[in-house]
Amino acid sequence: MDIFDTFLNAEVFLRTWPLLIQGLWVTVQLGAASIVAGLVLGLIVSMIRLYGPVPLRLLARLYIDIFRSIPLLVLLIIVYYALPFVGLRLSPFASAMTALTLVSGAYTAEIFRAGIEAIPGGQFEASAALGLSHRQTMVDVILPQAVKIVIPPLTNNSINVVKDTALASVVAMPDLLKQATQAQALAANPTPLIGAAVIYIAVLWPLVALVSRMERRFGARSR
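Residues numbered from 1 in each chain as written. Predicted model: local features only at pLDDT ≥ 70, side-chain atom pairs only at ≥ 80, totals over all residues. Heavy atoms only, no water.

### Observations regarding the side chain of Ser127
On the secondary structure map, Ser127 appears in helix α6 (residues 121-129). Classification of Ser127 as buried rests on a relative accessible area of 2%. (Helix = DSSP H or I, 4+ residues; strand = E, 2+ residues; numbered from the N terminus. Buried < 20%, exposed > 50% of the residue type's maximum accessible area, 1.4 Å probe, protein only.)

### Some thoughts on empty space enclosed by the protein
Enumeration according to the criterion identifies one cavity of 30 Å³ or more in this entry. Size it by volume and the largest cavity reaches roughly 30 Å³. If you go around the largest cavity, the residues you meet are Ile35, Leu39, Ser104, Thr108, Leu154, Asn157, Ser158 and Val161. Here the lining of the largest cavity gets four residues from one element, more than from any other, and that element is helix α7 (residues 134-164). Classifying every residue of the lining of the largest cavity gives four nonpolar, four polar and no charged. (1 Å grid on protein atoms, 1.4 Å probe; cavity = no way out; pocket = protein on both sides within 12 Å on 5 of 7 lines; lining within 4 Å. Points joined across faces, edges and corners; volume = space filled by probe spheres on them. Nonpolar A, V, L, I, M, F, W, Y, C, P; charged D, E, K, R; others polar.)

### A look at the packing of helix α2 (residues 10-51) against helix α3 (residues 54-69)
Interhelical geometry of α2 versus α3 gives an angle of 135 degrees and a closest axis separation of 7 Å. Regarding the angle of α2 to α3, the classification is oblique. For α2 against α3, the interelement crossing comes out left-handed. Residue-level contacts link Leu41, Val45, Ile48, Arg49, Leu50 and Tyr51 of α2 to Leu56, Arg57, Ala60, Arg61, Tyr63 and Ile64 of α3. For the contact of α2 with α3, a count of residues per class yields nine nonpolar, no polar and three charged. (Axes fitted to C-alpha atoms, helices over the stretch in contact; angles between N-to-C directions. Parallel < 35°, antiparallel > 145°, perpendicular 65-115°, else oblique. Left-handed = near helix turned anticlockwise from the far one by under 90°. Contact = heavy atoms within 4.5 Å.)

Below, the structure written as structure tokens:
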């Protein structure tokens, strides 16, 4: 058996293609849900860290430091396998989304914080001079400018979230990697795993190129 029959077997690939597509759909759902939830959580945490009461600022910073330090795989295993001991049992999808959202939210909070702090202080002073409230200042003046700054790192973080969905296979989540692994076992051939890798590349490569393009564009504007 040559290398093509082993790793690039067209017959095996076509036979297992439906399983891979099912897994891809689950991966897209999990990634999209975790990205959106992480964005919302990160924005809230960043606002608390910047403008909340001191005790809440400390809690926000503690959350960010902890969930940026803990490996996602460890957190995923804790959520799925440890929480049932205290009566909280989550489905594989909910467990994976919870872990991904908590970690993504921590990184997103730091991205938003850096973007907001990059806005010149004169913007706040001008808004106060116009009689705008803090909420109006943030919604109408600061956040629209900060979003332009944070789009590249947020997109990069979203790519990482999609890649990290592969770890959900450890909790029997039928994502792309899990389906590819099962297809490989059924076919006794590693071609489905190669197919899964190609699908990941096909989905994420355009996003990686988009991030690079945005970084160059925003870098040129800053100069």
